[in-house]
Amino acid sequence: MTTSDPSLFTSSVVKPADFDQYWAETLTATDAVALNPRLSLDEMRSTDEIEVFEALYDSYEGIEIAGWYARPRNFEGKLPGYLFVPGYVSEPKLPNDLALRGYAAFSVAPRGKLRSNRVFNPGYPGLLAHNIAEREEYGYRGFYMDAVRAFDFLAGLDEVDETRIGVQGGSQGGALTLLVASLRSDQVACGSAGAPYLCSMMDSAEMTHSYPYEEINDYLRIHPDDELAVRETLDLHDIHNFVDRIKCPMIVSVGLQDDVVPPETGFAVFDQIGSTDKRFYSYENCGHDAGTGDGHVAIVDAFMDSHLNPSAIGGAG
Amino acid sequence: MSADRNAYWAAVKDEVAALSDSNVSIEELPERSNETCVVYAVWYEGIGGYPLFAYLTLPRGDGPFVPLFQAPGYASVVGVPARERSAKYAVFAPCHRGQRLADSGYQAAYPGLLTDGLPGASSYIWRSVVADSLRAIDVFLGQPEVDGSKLAIAGNDLGALVASLRPDVKSLLVVTPLLLTDPPGRASDTFAYPMQEYNDFKRTYSDQWNEALETLSLFDPTAGAADIQANTMIACTGGEICAANDLMGAIAGEAGVYKNEGRGFIDHTVQEDWLAEATGVPITPGPFLPR
């Protein structure tokens, strides 16, 4: 139900009866693939203060996934881990800023993004509607597993304190933050989800003409008879249905005039989050930036640092 | 514009002009068209015989339409133009070589693209990136549905550089981030990508940095801004305000700087309303739909 007060929105998402079984089977299939983690130092991106590595690991269906790993050059003991998960069209950032703050930081490129797209490459637009009427084959099934495996990759590094790993991202990265915190609920220490995408997806498509959700409208315009199948697939992959498993501290932000991710869906998914230690930030006159230019970046940094306790090394250039 | 700069870009423009009779293929994309516009895929050739791609959108109804050229951003993906634009402008959204849909011969890396081919002026990849943009404008204005006398450009400072090479640009909206404007000065103040790419290059190839600076100066839109005749708005962050003011001050046409408030809905509205007013199309509500 859409109302002028986004906090009153009621999601139409339904949790399928086989939701838990489907994802248990998917995780089991993912576990059957050896992680095979690899790191290779990138001298050009490293500095006196930090080391940057190209990272690779294997994921669901045996697909090779790439990412950037950065850490302080000099450190003692274990480092807190920081998983950065990317937006829909953007390439994963190189997390040198996080390494300078004292984190072992991993920024992943799930399947379809550059360096992870040799086998799976639906493009943009494309990913959101890839096999959207075939629930077992939907593109986000493996994409979600790539994000979960990114957490496993980081947690498995010798220098990372596996009790201090946080997850953060905006838009699709917000969705993946909530996903990883749900499926690794005993391990994620904290999370920050900005303008979380992939929540109440069918409702979202009705509330906007902006991409990526417009991909759903484009598909249904050409394939109107597939609507029930599309809804079934999306209910099975909707972040709204995962987050009751979250146990860690979590913050969520939305822009109240966001055309890309309708803010209503952020309110709704926040209500579903299982953790009692959670806080919601809404920003008037903001769109998909969701407050990042209006002070929210400092809030996220302070929140993550307070739970993960890094030792900043600073420096630039 | 200096003699060296004049000669450099004149050669590029000659290469692009030589493609004027090369084949352009256009095909409607029914899955992306809607009640307000028709979306097309456009394939054409860039310099060196490179295959390029663009989205073209035309509003439903009778033209000719105001042509809005979207300069490619610093990202691997070029998206279908937003409905708020495609409903009222003819929009051309090209991929330069290396971006998705134009990556059959060269794949851009992020980070990497900003310094690829430095230090040489002839090998720097942005020579081809700019050429691809100039070629795209030629293809765009070759469409009978557009009014070439009202050409507008929107995008980062690649758009400003292109406008300095196209005196027929009438309206120019430059948005953050500024990538090509004063790179050595601005990169030294940050470790954030993509500007950090300049620092990475300088640190790794310090013996080539002076030659790289000479090359980069050819691409700084401020150096060519005296040739920008367009009515211009530069929308920037607080950290970019000095560079934006320098660029504004050098532009020949009417120009102003808008410092973003940091609230995306307001900043977006200011920019799109300015563009509509400058180009003479109706100011319409933004993409956030009424509830």
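Quick caveat, the model's predicted, so the values are computed rather than measured.

Now for the overall build of chain B. In terms of helices and strands, chain B carries ten helices and nine strands. Across its three principal directions, the C-alpha atoms of chain B cover 55 × 45 × 35 Å. A separation of at least 24 residues holds for 63% of the contacts in chain B among residues at least 6 apart in sequence.

Below, the discussion takes up the overall build of chain A. Assigned secondary structure in chain A consists of nine helices and nine strands. Its C-alpha atoms give chain A a radius of gyration of 19 Å, near enough to 20 Å, the size a compact globule of 317 residues would have. In chain A, of all internal contacts separated by at least 6 residues, the share reaching a separation of at least 24 is 71%.

Now for the interface of chain A and chain B. Counting residues at the interface gives 35 residues for chain A and 32 residues for chain B. Only helix H2 (96-100) and helix H6 (214-222) of chain A provide two or more residues apiece to the side of chain A that touches chain B. Residue composition of the side of chain A that touches chain B, by class: eleven nonpolar, 16 polar and eight charged.

Let's shift gears to the nonpolar core. Within the largest apolar cluster, 180 residues are counted, with the highest numbers of intra-cluster contacts made by Leu83(A), Phe106(A), Leu178(A), Leu179(A), Val180(A) and Ala54(B). For this core, the leading source of residues is helix H3 (residues 139-155) of chain A, giving ten residues. Setting aside anything within four residues of it in sequence, one finds Leu179(A) in contact with Tyr144(A), Ala147(A), Ile239(A) and Phe242(A).

Along the chain, Arg45(A) turns up in the loop between strand S1 (38-41) and strand S2 (50-58). Between the alpha carbons of Arg45(A) and Glu76(A) there is a distance of 22 Å; along the sequence they are 31 residues apart. When sequence neighbours within four positions are dropped, the list of residues in contact with Arg45(A) reads Val52(A), Leu94(A) and Asp200(B).

This brings us to unusual backbone geometry. The general pattern is negative phi for most residues beyond glycine and trans for most peptide bonds. Residue and element names in this part refer to chain A. The linkage connecting Tyr211 with the following residue, Pro212, adopts the cis geometry, with an omega of 5 degrees. Its location among the elements puts Pro212 in the loop between helix H5 (201-207) and H6. Notably, Leu198 is not glycine yet its phi reads approximately 65 degrees, a positive angle. Within the element layout of this structure, Leu198 appears in the loop between strand S7 (190-194) and H5. A positive phi angle, close to 55 degrees, is found at Asn309, a residue other than glycine. Within the secondary structure, Asn309 sits in the segment after helix H9 (296-308). The exposure class assigned to Asn309 is exposed, which follows from the 12 C-beta atoms found within 10 Å.

All names here are of chain A. Helix H4 (residues 172-183) packs onto H3 with a crossing angle of 65 degrees between their chain directions and a minimal axis gap of 9 Å. By the angle between their axes, H3 is roughly perpendicular relative to H4. Helix-helix and strand crossings are classified by hand; for H3 and H4 the assignment is right-handed. Here Tyr144, Ala147, Val148 and Phe151 of H3 lie close against H4, whose contacting residues are Leu176, Leu179, Val180 and Leu183. Here the residues of the contact of H3 with H4 are counted per class, giving eight nonpolar, no polar and no charged.

A separate point is the sheet that holds strand S7 (residues 171-175) of chain B. Residues and elements named next belong to chain B. With mixed pairing, nine strands are arranged side by side in an open sheet as S1-S2-S3-S5-S4-S6-S7-S8-S9. For this open sheet the edge positions go to strand S1 (25-28) and strand S9 (255-259), each flanked by a neighbour on one side alone. The mean inter-strand angle of the sheet, taken between neighbouring strand axes irrespective of direction, is 20 degrees. Strand direction decides the pairing type here: strand S4 (residues 67-70) and strand S5 (residues 90-95), joined by three bridges, are parallel. Along S5, the bridge assignment pairs Phe69 with Phe92. Across the sheet, helix H10 (residues 264-279) lies against strand S6 (152-155), S7, strand S8 (231-236) and S9, angled at about 165 degrees from S7, the strand it touches most.

Our focus in this paragraph is the environment of Ile153(B). Residue position: Ile153(B) is located in strand S6. The contacts of Ile153(B), once residues within four sequence positions are left out, are Phe69(B), Ala71(B), Gly159(B), Val162(B), Ala163(B), Val169(B) and Leu172(B).

Attention now moves to the confidence of the model for chain B. When pLDDT is averaged along chain B, the result is 97, and 99% of the positions lie at 70 or above. On the interface metric, ipTM, the complex scores 0.96, and its pTM is 0.97.

Looking now at the packing of helix H3 (residues 125-141) of chain B against helix H4 (residues 157-165) of chain B. All names here are of chain B. H4 packs onto H3 with a crossing angle of 65 degrees between their chain directions and a minimal axis gap of 10 Å. At the point where H3 passes H4, the crossing takes the right-handed sense. Together, Val130, Ser133 and Leu134 of H3 and Leu158, Leu161, Val162 and Leu165 of H4 make up the contact between the two elements.

Another aspect to go through is H4(A). Residue and element names in this part refer to chain A. With twelve residues, H4 should reach 16 Å at 1.5 Å per residue; the first-to-last C-alpha distance of 16 Å fits that figure. Burial within H4 is extensive, with twelve of its twelve residues counted as buried. Listed in full, the buried residues belonging to H4 are Gln172, Gly173, Gly174, Ala175, Leu176, Thr177, Leu178, Leu179, Val180, Ala181, Ser182 and Leu183.

Structurally, Thr237(B) is set in the loop between S8 and helix H9 (241-250). Discounting chain neighbours no more than four positions away, the residues touching Thr237(B) are Thr176(B) and Asn260(B).

Below, the discussion takes up the sheet that holds strand S5 (residues 104-109) of chain A. Two strands in a sheet stick together by hydrogen bonds in their backbones, pointing the same way (parallel) or opposite ways (antiparallel). Residue and element names in this part refer to chain A. Strand order in the open sheet formed by nine strands is S1-S2-S3-S5-S4-S6-S7-S8-S9, and the pairing between neighbours is mixed. In this open sheet, the two strands that pair with only one neighbour each are S1 and strand S9 (278-283). The sheet shows a mean angle of 20 degrees between the axes of neighbouring strands, taken without regard to direction. With four bridges connecting them, S7 and strand S8 (residues 250-255) associate as parallel partners. In the sheet register, Gly191 faces S8, and the bridge partner there is Met250. Where H4 meets the sheet, its contacts fall on strand S4 (79-84), strand S6 (160-170), S7 and S8, and the angle it forms with S6 comes to roughly 145 degrees. H9 contacts S4, S6, S7, S8 and S9 of the sheet and is inclined by roughly 165 degrees relative to S7.

All names here are of chain B. For S8 and S9, the ladder comprises five bridges, and the chain directions are parallel. Its bridge partner lying in S9, Cys236 is registered against Lys259. Read from S8 through H9 to S9, the crossover connection turns out right-handed.

Rules used in this analysis
Residues numbered from 1 in each chain as written. Chains lettered and ligands numbered in written order. Predicted model: local features only at pLDDT ≥ 70, side-chain atom pairs only at ≥ 80, totals over all residues. Helix = DSSP H or I, 4+ residues; strand = E, 2+ residues; numbered from the N terminus. Contact = placed C-beta atoms within 7 Å. Rg over C-alpha atoms; globule rule 2.2 N^0.38 Å. Nonpolar A, V, L, I, M, F, W, Y, C, P; charged D, E, K, R; others polar. Core = buried A, V, L, I, M, F, W, Y, C linked by C-beta atoms within 7 Å. Buried ≥ 20, exposed ≤ 12 C-beta atoms within 10 Å, placed from the backbone. Axes fitted to C-alpha atoms, helices over the stretch in contact; angles between N-to-C directions. Parallel < 35°, antiparallel > 145°, perpendicular 65-115°, else oblique. Left-handed = near helix turned anticlockwise from the far one by under 90°. Pairing = 2+ DSSP bridges. pLDDT = per-residue confidence, 0-100. Expected span 1.5 Å × (residues − 1). Right-handed = clockwise from strand over helix to strand, strands pointing away.

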